[in-house]
Amino acid sequence: MGVRQYESGDYYLDYRVNGKRIREVVGPNKKVADAAWHKRQAEIAENKFLDKRKDEKIKFGDFAQIYLDNHAKVNKRSWESDVFLVKKLNRYFGNKLLIEITPMDIEKYKAERTGKVAHATVNRELACLKCIFNKAIQWKKFYHPNPMKSVKLFKENNQRVRYLSKDEMFRLLDECKGELKSIVMVAANTGMRRGEIAALKWSDVDLHADLIYVRKSKSGYSRIIPMNRAVKEVFNSLHIRKKTDNEYIFERRHREGFEAAVERAKIVNFKFHDIRHHFASYAAMAGMDLNTLRELLGHK
């Protein structure tokens, strides 16, 4: 028992309270760790420790839901992305107590995910994890340094542009079923973002003028997108089968379904947002002028 050090370089306190062993991450500074050790011993001696930390028994999965309900859904337009990220994190950390999650655990998660998804995806998941712990600290559910503090994110190549060959696109569409296939078809033929497609209502689609009205855009501006024949066929088919009381065109975003379709199609390093790059690349190669392309994509 005492002040110990992880291989990552972080120091942690190792002690027992009423027979229970507790490991508390402090950080990379040995002096801070020593000071924290003496403080903890004093709190235990004065019987103040347990009262202060009774909420630390909360599981990560339980607090992650509190985070979604009280922060993400209230303050973030992209809260559905957080729901998806938390789902991934819960598979690894869900049953662990917040206090049990160490920088080494996170590094192991990082290594495991790196073999399955792109670095950018791992970074988004780790950024969400960091935010969850920050809120736990702010809301006094966690009384220690954020274990993400010493974990470095991957460097990303922001110039990466990924688009599919015609054969890859056909393979992907073959693996997409039902509503997911319609969503991919719309994305590939309009360059619309996933969120823009998910937000489409029937009132946003003019099947007579062959126009799509994007009311909600990431840039904050609305725009009008013309339909080609493929997109019009998709909407006509959906309109015939639509439920009379449903104002939205699509019921779900199909995140996991899309990932599974990409995997079955044996396509490497491709995410949904890359369909937007795919549209832009083929439009440019077909001779579309860049100003028109910029307006279609909704770039400032």
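One can find the structure itself at the top, above this paragraph.
Worth saying up front: this structure is predicted, and the values here are computed from it rather than measured. Residue indices begin from 1 for each chain and proceed along its sequence in written order. For a predicted model such as this one, the threshold for reporting local features is a pLDDT of at least 70, and the threshold for listing and counting side-chain atom pairs is 80 or more; totals across whole chains, interfaces and linings nevertheless cover every residue. Each side-chain value is derived from all of the structure's non-hydrogen atoms; neither hydrogens nor water enter the calculation.

Quick question: what am I supposed to make of the overall build of the protein chain here?
Secondary structure elements follow DSSP: runs of H or I no shorter than four residues count as helices, runs of E no shorter than two count as strands, and numbering proceeds from the N terminus. For the protein chain, the count of helices and strands is 13 helices and 6 strands. A compact globule built from 300 residues would reach a C-alpha radius of gyration of about 19 Å, whereas the protein chain, at 24 Å, exceeds it by more than 25%. Dimensions of the protein chain along its principal axes, counting C-alpha atoms only, are 80 × 40 × 35 Å. Burial classes: relative accessible area under 20% of the type maximum marks a residue as buried, over 50% as exposed, and values in between as partly exposed (1.4 Å probe, protein chains only). Of all 300 residues assigned to the protein chain, the portion counted as buried reaches 43%. Here a residue-residue contact requires only that any non-hydrogen atoms of the pair lie within 4.5 Å. In the protein chain, once contacts between residues fewer than 6 apart in sequence are set aside, the share between residues at least 24 apart is 60%. Computed with the Shrake-Rupley method and a 1.4 Å probe, the accessible areas treat only the protein chains shown as cover for residues. Counting every atom, the protein chain has about 17200 Å² of accessible surface; 50% of that belongs to carbon and sulfur. Taken as two groups, the 61 positive and 39 negative side-chain charges of the protein chain have centres that lie 3 Å from each other. Each radius of gyration is computed over the set of C-alpha atoms, and the globule rule expresses the reference value as 2.2 Å times the number of residues to the power 0.38. In this count, Lys and Arg are taken as positive residues and Asp and Glu as negative ones, while His and the chain termini are left out. To locate a charge, take atom NZ for lysine, CZ for arginine, CG for aspartate or CD for glutamate.

Explain the sheet that holds strand β5 (residues 211-214) to me, please; I cannot follow it from the model alone.
Judged by pairing direction, the sheet is antiparallel, and its 3 strands sit side by side in the order β4-β5-β6 without closing on themselves. Taken across any chain shown, the strands that pair with only one partner, and hence form the sheet edges, are β4 (205-206) and β6 (223-226). When β5 meets β6, the two strands line up antiparallel, connected through 4 bridges. Paired with Tyr 213 across the strands is Ile 224, a residue of β6. Here, any two strands with at least 2 DSSP bridges between them count as paired.

Could you clarify how one ought to interpret the sheet that holds strand β2 (residues 11-17) in this entry?
Hydrogen bonds between backbone atoms are what pair the strands of a sheet, whose relative direction is either parallel or antiparallel. Taken in spatial order, the 3 strands make up an open sheet running β1-β2-β3, and their pairing is antiparallel. Sheet topology places β1 (2-5) and β3 (20-27) at the edges, where each strand pairs with a single neighbour. Between one strand axis and the next, the sheet turns through 30° on average, direction left out of account. Pairing of β2 with β3 involves 7 bridges; the strand directions are antiparallel. Within β3, the position partnered with Tyr 15 by the bridge is Ile 22. To define axes, lines are fitted to C-alpha atoms, for helices over the stretch in contact only, and angles between the resulting N-to-C directions are given on a 0 to 180 degree scale. Against the sheet, helix α1 (residues 30-45) contacts β1, β2 and β3, and its axis sits at roughly 15° relative to β2.

Sorry, what's going on with the packing of aromatic side chains here?
The description of an aromatic ring pair uses the distance of the two centres, along with the angle that the planes make with each other. By convention, a stacked pair of Phe, Tyr or Trp rings (six-membered ring in the case of Trp) has centres within 6.5 Å and planes under 30 degrees apart, an edge-to-face pair has planes over 60 apart, and any other such pair is tilted. Tallied over the full model, the rule gives 10 aromatic pairs. Look at Phe 60 and Phe 133: their rings are 6.4 Å apart centre to centre, the planes differ by 35°, and that puts the pair in the tilted class. With Phe 60 in helix α3 (residues 60-75) and Phe 133 in helix α6 (residues 119-138), this pair connects stretches of sequence that are 73 residues apart. Judged by its relative accessible area of 0%, Phe 60 falls in the buried class. One aromatic cluster is present, built from ring pairs that chain together Phe 60, Tyr 92, Phe 93, Tyr 109, Phe 133 and Phe 142.

What is the right way to read the pairing of β1 from this model?
Successive side chains on a regular strand alternate, one facing one side of the sheet and the next facing the other. Judged from the 4 bridges that link them, β1 and β2 form a sheet pairing that is antiparallel. Across the sheet, residue Gly 2 finds its bridge partner in β2, namely Asp 14. Count of turn residues in the β1/β2 antiparallel hairpin: 5 residues, of which Gly 9 carries a positive phi of about 110°.

What's the story with the pattern of salt bridges in this structure? I'm lost.
Here the idea is simple: oppositely charged side chains can pair when their charged atoms come close. Each reported salt bridge corresponds to a side-chain nitrogen of Lys or Arg within 4 Å of a carboxyl oxygen of Asp or Glu. Going through the model one piece at a time under the given rule, you end up with 19 salt bridges. Asp 69 is paired through a salt bridge with Lys 73; the nearest N and O atoms lie 3.4 Å apart. Of the two residues, Asp 69 and Lys 73 are both situated in helix α3; the distance of 4 residues between them amounts to about one turn of the helix. For Lys 73, a relative accessible area of 39% translates into the label partly exposed. Across the pair Lys 87 and Glu 256 runs a salt bridge whose closest N-O atoms are separated by 3.6 Å. Remark: Glu 256 occurs in helix α11 (residues 255-264) and Lys 87 occurs in helix α4 (residues 79-93); sequence separation between them is 169 residues. A relative accessible area of 31% means that Glu 256 is categorised as partly exposed. Each member of the salt-bridge network shares a partner with another, and the members are Glu 24, Arg 40 and Glu 43.

Got a minute to help me understand the packing of α3 against α6 in this structure?
Between two packed helices, the angle of one axis relative to the other and the distance separating the axes together describe the packing. Contact pair α3 / α6: the axes reach a minimum separation of 10 Å and the direction vectors enclose 85°. On the basis of the axis angle, α3 is roughly perpendicular to α6. From α3, Phe 60, Phe 63, Ala 64, Tyr 67 and His 71 reach across to α6, where they touch Leu 129, Cys 131, Ile 132, Phe 133, Lys 135 and Ala 136. Per-class residue counts for the contact of α3 with α6 are 9 nonpolar, 1 polar and 1 charged. Relative orientations are named as follows: roughly parallel for angles under 35 degrees, roughly antiparallel for angles over 145 degrees, roughly perpendicular for angles from 65 to 115 degrees, and oblique for any other angle. Here the nonpolar group is Ala, Val, Leu, Ile, Met, Phe, Trp, Tyr, Cys and Pro; Asp, Glu, Lys and Arg are the charged ones; every other residue, Gly included, is treated as polar.

Treat this as a map of the structure, not an account of what it does.
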